[in-house]
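Chain by chain, the residues:
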Amino acid sequence: MEFPRKTHWTKDIRPELDGKEVVLAGWVWDVRDLGNIKFILLRDREGIVQLTVKRGSVTDNVWSVVSTLNREDAVVVRGVVKASRIAKAGVEVFPSEVYVVARSKPLPIDIWGSVATDLDTRLRFRPVDLKRPINLLIFRVESEVARVIRETLYSHGFIEVFTPKIIVTSTEGGAELFAVQYFERVAYLAQSPQLYKEELTASLERVFEIAPAYRAEKHNTNYHLNEFISVDIEEAFANYMDVMNVLEDVIVNVYRRVSDVFKDELNKYGIEVTVPKKPFRKITYDDALGILEKRGLRMNWGEDIPKRGLEILSEEFGEPFFIIHFPTDIRAFYTKPLESDPRISESFDLVIDGLEIASGSSRIHIKEQLVEALKRRGLNPENFESHLMVYDYGMPPHAGWGMGLYRLMMVLLRRTNIREVVLYPRDRFRLEP
Ligand code: AMO
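Fair warning: this is a prediction, and the values are worked out from it, not measured in the lab.

**Q** Now, about the overall build of the protein: what can you tell me, with residues and values included?
**A** Check the secondary structure of the protein and you find 11 helices and 16 strands. In terms of principal-axis extent, the alpha carbons of the protein reach across some 85 × 55 × 40 Å. Counting the 433 residues in the protein, one finds 52% classified as buried. Once local pairs closer than 6 in sequence are excluded, the contacts in the protein between residues at least 24 apart make up 65%. Accessible surface computed for the protein: about 21400 Å², of which carbon and sulfur atoms make up 50%. Between the mean site of the 60 positive side-chain charges and the mean site of the 65 negative ones, the protein shows a separation of 6 Å.

**Q** Got a sec to walk through the packing of helix α4 (residues 133-155) against helix α11 (residues 405-412)? Specific residues and values, please.
**A** At a minimum axis distance of 11 Å, the contact between α4 and α11 shows a crossing angle of 120°. Taken together, α4 and α11 sit at an angle that is classed as oblique. Here α4 and α11 pass one another in a crossing that is right-handed. Between α4, through I138, V141, E142, V145 and I149, and α11, the contact on the second element is made entirely by L405, Y406, L408, M409 and L412.

**Q** Would you mind going over helix α8 (residues 307-317) in detail, with residue names and values included?
**A** Buried residues of α8: G309, L310, I312, L313, S314 and F317, and no others. Buried residues in α8 make contact with β12 (281-284), α7 (285-294), β13 (321-324), β14 (347-352) and β15 (355-362). In the stretch just after α8, G318 is the one whose phi turns positive, near 75°.

**Q** How would you explain the packing of aromatic side chains if you had to name every residue and give the values?
**A** Enumeration over the complete set of coordinates arrives at 10 aromatic pairs. Aromatic pair Y154 and F208: ring centres 5.5 Å apart, planes at 85°, arrangement edge-to-face. Separated by 54 residues along the polypeptide, Y154 in helix α4 and F208 in strand β10 (residues 206-214) bring together distant segments of the chain. Given the relative accessible area of 45%, Y154 is considered partly exposed. Centre to centre, the rings of Y182 and F183 are 5.2 Å apart; their planes meet at 70°, and the pair counts as edge-to-face. Members of the aromatic cluster, connected to one another through ring pairs, are F280, F322 and F348. One Lys or Arg, K307, reaches over the ring of Y223 and ends 5.3 Å from the middle of that ring. One Lys or Arg, R343, reaches over the ring of W301 and ends 4.7 Å from the middle of that ring.

**Q** So, the pairing of strand β8 (residues 179-182): which residues are in play, and what are the values?
**A** On a regular strand, one side chain projects to one face of the sheet and the next to the other, so that they alternate. As defined by bridge partners, β8 adjoins strand β9 (residues 185-189) across 4 bridges and the pair is classed as antiparallel. Its bridge partner being in β9, A179 is matched across the sheet by Y188. In this antiparallel pair of consecutive strands, β8 and β9, the connection spans 2 residues, and F183 shows a positive phi of 50°.

**Q** I'd like a rundown of the sheet that holds β9, residues and numbers included.
**A** In a beta sheet, neighbouring strands pair by backbone hydrogen bonds and run either parallel or antiparallel. Taken in spatial order, the 3 strands of this open sheet run β7-β9-β8, and their pairing is antiparallel. What marks the edges here is a single partner per strand, and that holds for β7 (166-167) and β8.

**Q** Pulling in residues and values, what's your account of the pattern of salt bridges?
**A** The final tally for this structure, using the stated rule, is 43 salt bridges. Linking E46 and K11 is a salt bridge whose minimum nitrogen-to-oxygen distance equals 3.0 Å. One end of the pair, E46, is in the loop between β2 (37-44) and β3 (47-54); the other, K11, is in the segment before β1 (21-33), with 35 residues separating them in the sequence. Under the relative-accessibility criterion, E46 is labelled buried at 10%. Its relative accessible area of 40% is what places K11 among the partly exposed residues. Across the salt bridge formed by D329 and R376, the nearest N and O atoms sit 2.7 Å from each other. Here R376 lies in helix α9 (residues 367-376) and D329 lies in the loop between β13 and β14, a separation of 47 residues in the sequence. Side by side, D329 and R376 carry an identical accessibility label, which is exposed. One network of salt bridges, in which partners are shared, links R295, K307, R308, E311, E315 and E316.

**Q** Give me the lowdown on the packing of α7 against α8, citing residues and values where you can.
**A** Between two packed helices, both the angle of their axes relative to each other and the distance between the axes serve to describe the pair. Where α7 contacts α8, the two axes come as close as 10 Å, and the packing angle between them is 90°. In terms of orientation, α7 and α8 fall into the roughly perpendicular class. On α8, the residues that touch A288, I291 and L292 of α7 are G309, I312, L313, E316 and F317. Along the lines of polarity and charge, the residues of the contact of α7 with α8 split into 6 nonpolar, 1 polar and 1 charged.

**Q** Which residues make up the site of the ligand, and what values go with them?
**A** Not every one of the 23 residues close to the ligand is listed here, only the nearest: Q194, K197, R215, E356 and R363. Residue Q194 places a side-chain N or O atom 2.6 Å away from a nitrogen atom belonging to the ligand. The separation between an oxygen atom of the ligand and a polar main-chain atom of G402 is 3.3 Å. Expressed as a share of its isolated accessible area of 630 Å², the protein-covered part of the ligand is 92%. Elements represented by at least two residues in the shell around the ligand include exactly α5 (194-200), β15 and β16 (398-404). No other element matches β15, which puts 5 residues into the shell around the ligand.

Rules of the game
- Residues numbered from 1 in each chain as written.
- Predicted model: local features only at pLDDT ≥ 70, side-chain atom pairs only at ≥ 80, totals over all residues.
- Heavy atoms only, no water.
- Helix = DSSP H or I, 4+ residues; strand = E, 2+ residues; numbered from the N terminus.
- Buried < 20%, exposed > 50% of the residue type's maximum accessible area, 1.4 Å probe, protein only.
- Contact = heavy atoms within 4.5 Å.
- Areas by Shrake-Rupley, 256 points an atom, 1.4 Å probe, with all protein chains shown as cover.
- Lys, Arg positive; Asp, Glu negative; His and termini not counted.
- Charge placed at Lys NZ, Arg CZ, Asp CG, Glu CD.
- Axes fitted to C-alpha atoms, helices over the stretch in contact; angles between N-to-C directions.
- Parallel < 35°, antiparallel > 145°, perpendicular 65-115°, else oblique.
- Left-handed = near helix turned anticlockwise from the far one by under 90°.
- Phe/Tyr/Trp six-rings, centres within 6.5 Å; stacked < 30°, edge-to-face > 60°.
- Lys NZ or Arg CZ within 6 Å of the ring centre and 35° of its normal.
- Pairing = 2+ DSSP bridges.
- Salt bridge = Lys/Arg side-chain N within 4 Å of Asp/Glu carboxyl O.
- Nonpolar A, V, L, I, M, F, W, Y, C, P; charged D, E, K, R; others polar.
- Near = heavy atom within 4 Å.
- Polar contact = N/O pair within 3.5 Å; in protein donor to acceptor, adjacent residues only side chain to side chain.

All quantities given are derived from atomic positions and should not be read as evidence of function.
Given below as structure tokens:
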């Protein structure tokens, strides 16, 4: 079927366009039939606009086509914009041509909000669920978040890189690897770009990557997935304090941009975005243990702080904060110990609303020390030969972090389940759609 090309998004249909001819395209959100007049709400990615069709003012053909419309039929509409005092958005469109380019069956789930559907069912019908206006908003925000992260990192002199996701070594602990058959050998899906991004500091100096990471986590929680988008940076000639500073900029810019661009739309769903202030509070691991003890959560030195502990600390501080100086032994082998006290490390986690959003550190850049660190953790340096090579040729001191994009989206949009901010989540039990 021939049909004209879309000229405007629904959100662009404003009273200022009064009298102008436009071509819209999207889906029938709702039809209100008052006999000789029909109101059709047309939805596209950016919003909803009202089409007004009066019998006698349109051709018989348009009237009969419009009479057959059902919710979610895909349509292309040519029409004239009219400023209006009665229509909701102060504007409506009077169609002169209507093309039904695809018909829709009744939907398997309710996207209009009259019936609540549980998340499991929604994810089963995810391609349909994604038509819901809140979801359109979530994923438009996610795109903007990725954009502002990129802009901020470029402004700090980083360039975007792409490292292999099929690899041979574990970087973040062996238990969580997915094995893949790689012709006659076994390979693994990358848990993070860690070793590659570190190697790149010896050539490209400041790099970042936004890419999937794969972890065979067995726990099925509201904030773990088996595939997630990791935002990673690594910077040469820098330490953990320097890269924490970059992370603060990223976070503040993300919150500010989302607040600037989406404030009104988010308010409709009761979502408020409060822009945090720099610099973020920094407490040491030891301080954290002290505070938790006072609040009745006793921990042994050297244990990882549990989720409940992070929640208590967030209740205490409100704003995003860093925990720094973790015990060296609970961090990955590449983490640099403090020169003054090697039991603790130049490491940090960023916590927002009781959730770990990012973690990072200064790295060991001296080959002998790195080999020692591998051995201390029972890892065989021979398996890391291709990585260790770069340390022979002027490896600069460096530091970096990794941030879970979906975790950031969760706290930013105050979603309680990470799956809400993922198009097609991969968890312990979900491999499709
Ligand atoms: P880490 O293992 O802490 O550090 O991961 C970095 C960030 O990634 C997110 N994340 C996850 N998000 C969803 N589902 C998961 N299963 C999951 N696992 C981790 C979290 C976490 O803070 N290489 C280091 C980073 C570095 O030091 O540069 C690393 O991977 O938000």
